[in-house]
Amino acid sequence: MLPLKPPVSKKNVKNIKLIDFPIYDENGEILDQNSWPKYQGIFNGKVIIINDLNDKSRLCNLGCFGQLGIIDKDKFIDYKTLQNQVLRQKKNWQAMELVPFDFPHNNQNVTDEKNLHIKLQEDYVANKPVYNNWKELKSSCSTEYEQLLILSGVQHELSYFLLLEEAFFLCYTLECLEIRSEDSSLISIVECWKQFNGLKKKFPYFYAAYHYYRSKGWVVKPGQQYGGDYVLYKSSPIYYHSSYVVVISVNGQNSELLPSWPSWYGCGRAIEAASKELLICTVLGPAYEEGMLIDLSQYTINDTIVRRWVPSQNRKKP
């Protein structure tokens, strides 16, 4: 097996003692059954929202579970979603149509150029709405203004939420999270399993991989920013940079994120440029079916580190 690279620590990291799971006290001792924590989460159909301040603090500090984001009208809106909306708007070439302009020939005088410039301005203004004040502008461009406020975090307060894998790990494995619906009714573990599988395609495979790496002491976070499914941190993202980008392979098939060899090669080069390594996690097991019981023993994990072969560096010396 290839040797593991040591994690890269961030600045001013000295003798930090971190606790892996939120079932321990601040001294690192496991809590007894009489004081076993029960964190409360609200399932809004997309993610599990944590509202209690103490729960947020313990889940964040003891195991680095959850993350901050913007949730608006029961819809999870993140930067990537808004960015995609902006890209779609930019593809509307009619909105970016340029005003035709003919450069003056030879030695026309400056007065003609000024008149032409004024004429173009008048034509542009005539075809565009004129706003007399800021309120009128906000009401006329409410969608764009709303997106700017959401993106900046001014209007919508950041919420603390758990991803499906995180919530199920805390609920099913550690038994320290109670998930409730928006009408405050308790959702059982079996019902969570059913709903999460309905929301996320191939959820058992992704959860098996999440469970596997969490059990080995890694902090697992979303890895879409690097083209993968997960990123792995040692101890905490606060003190260490991520070491590995994980791509899930279901039963040996190509990942949907990297369907072809050029995409694999490009992802590997991008990850290498970010001083990380690509980790292929192959999950073998049955696909989810209606009424399927929770049984992680049906799934097998094989992980492989992928490194680029450089002839000048890796060729055997004679």
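Below or above, wherever it landed, is the structure these notes cover. Note that the structure is predicted; figures quoted are calculated from it, not measured.

1. Topic: helix 7 (residues 189-199)
- Within helix 7, the full set of buried residues consists of Cys192, Trp193, Phe196 and Asn197. For helix 7, the angular spread of buried residues about the axis comes to 125°, placing them on one side. Along helix 7, the residues that are exposed and aim more than 90 degrees away from the buried face are Val190 and Gly198.
- Those residues of helix 7 that are buried are in contact with strand 1 (39-43), strand 2 (48-50), helix 6 (164-173), strand 6 (177-180), strand 7 (186-187) and helix 8 (203-215).

2. Overview of the state of the cysteines
- Taken as a whole, this structure holds zero disulfides when the rule is applied.
- Sulfur of cysteine 60: no disulfide; nearest cysteine sulfur belongs to cysteine 64 and is 6.2 Å away.
- Free of any disulfide, cysteine 192 has its nearest neighbouring cysteine sulfur in cysteine 171, separated by 4.8 Å.
- Residue classification places cysteine 192 among the buried positions, given a relative accessible area of 1%.

3. Focus on the sheet that holds strand 9 (residues 230-234)
- Reading across from one edge, 8-9-10-11-12 is the order of the five strands in this open sheet, with mixed pairing throughout. Of all the strands in the sheet, just strand 8 (218-222) and strand 12 (300-306) have a single pairing partner and so form its edges. Going across the sheet, the axis of each strand differs from the next one's by a mean of 30°, ignoring polarity.
- By the bridge criterion, five bridges tie strand 8 to strand 9 in an arrangement that is antiparallel. In the strand pairing of strand 9, lysine 221 is matched with valine 231.
- The sheet contacts of helix 9 (residues 261-273) involve strand 10 (244-250) and strand 11 (277-284), and relative to strand 11 the element is tilted by about 130°.

4. Thoughts on the pairing of strand 5 (residues 158-162)
- Here strand 5 lies mainly inside the structure; four of its five residues are buried.
- Bridge analysis of strand 2 against strand 5 gives three bridges, and the strand direction is antiparallel. Paired with isoleucine 50 across the strands is tyrosine 160, a residue of strand 5.

5. Overview of the packing of helix 6 against helix 7
- Interhelical geometry of helix 6 versus helix 7 gives an angle of 165° and a closest axis separation of 11 Å. In terms of their interaxial angle, helix 6 and helix 7 are classed as roughly antiparallel. Once helix 6 is placed against helix 7, the crossing between them reads as left-handed. Packed against helix 6, whose contacting residues are Leu164, Phe168, Cys171 and Tyr172, the element helix 7 presents Ile189, Cys192, Trp193, Phe196 and Leu199 at the interface.

The rules behind the values
Residues numbered from 1 in each chain as written. Predicted model: local features only at pLDDT ≥ 70, side-chain atom pairs only at ≥ 80, totals over all residues. Heavy atoms only, no water. Buried < 20%, exposed > 50% of the residue type's maximum accessible area, 1.4 Å probe, protein only. Helix = DSSP H or I, 4+ residues; strand = E, 2+ residues; numbered from the N terminus. Arc of directions from axis to C-beta. Contact = heavy atoms within 4.5 Å. Disulfide = S-S within 2.5 Å. Pairing = 2+ DSSP bridges. Axes fitted to C-alpha atoms, helices over the stretch in contact; angles between N-to-C directions. Parallel < 35°, antiparallel > 145°, perpendicular 65-115°, else oblique. Left-handed = near helix turned anticlockwise from the far one by under 90°.

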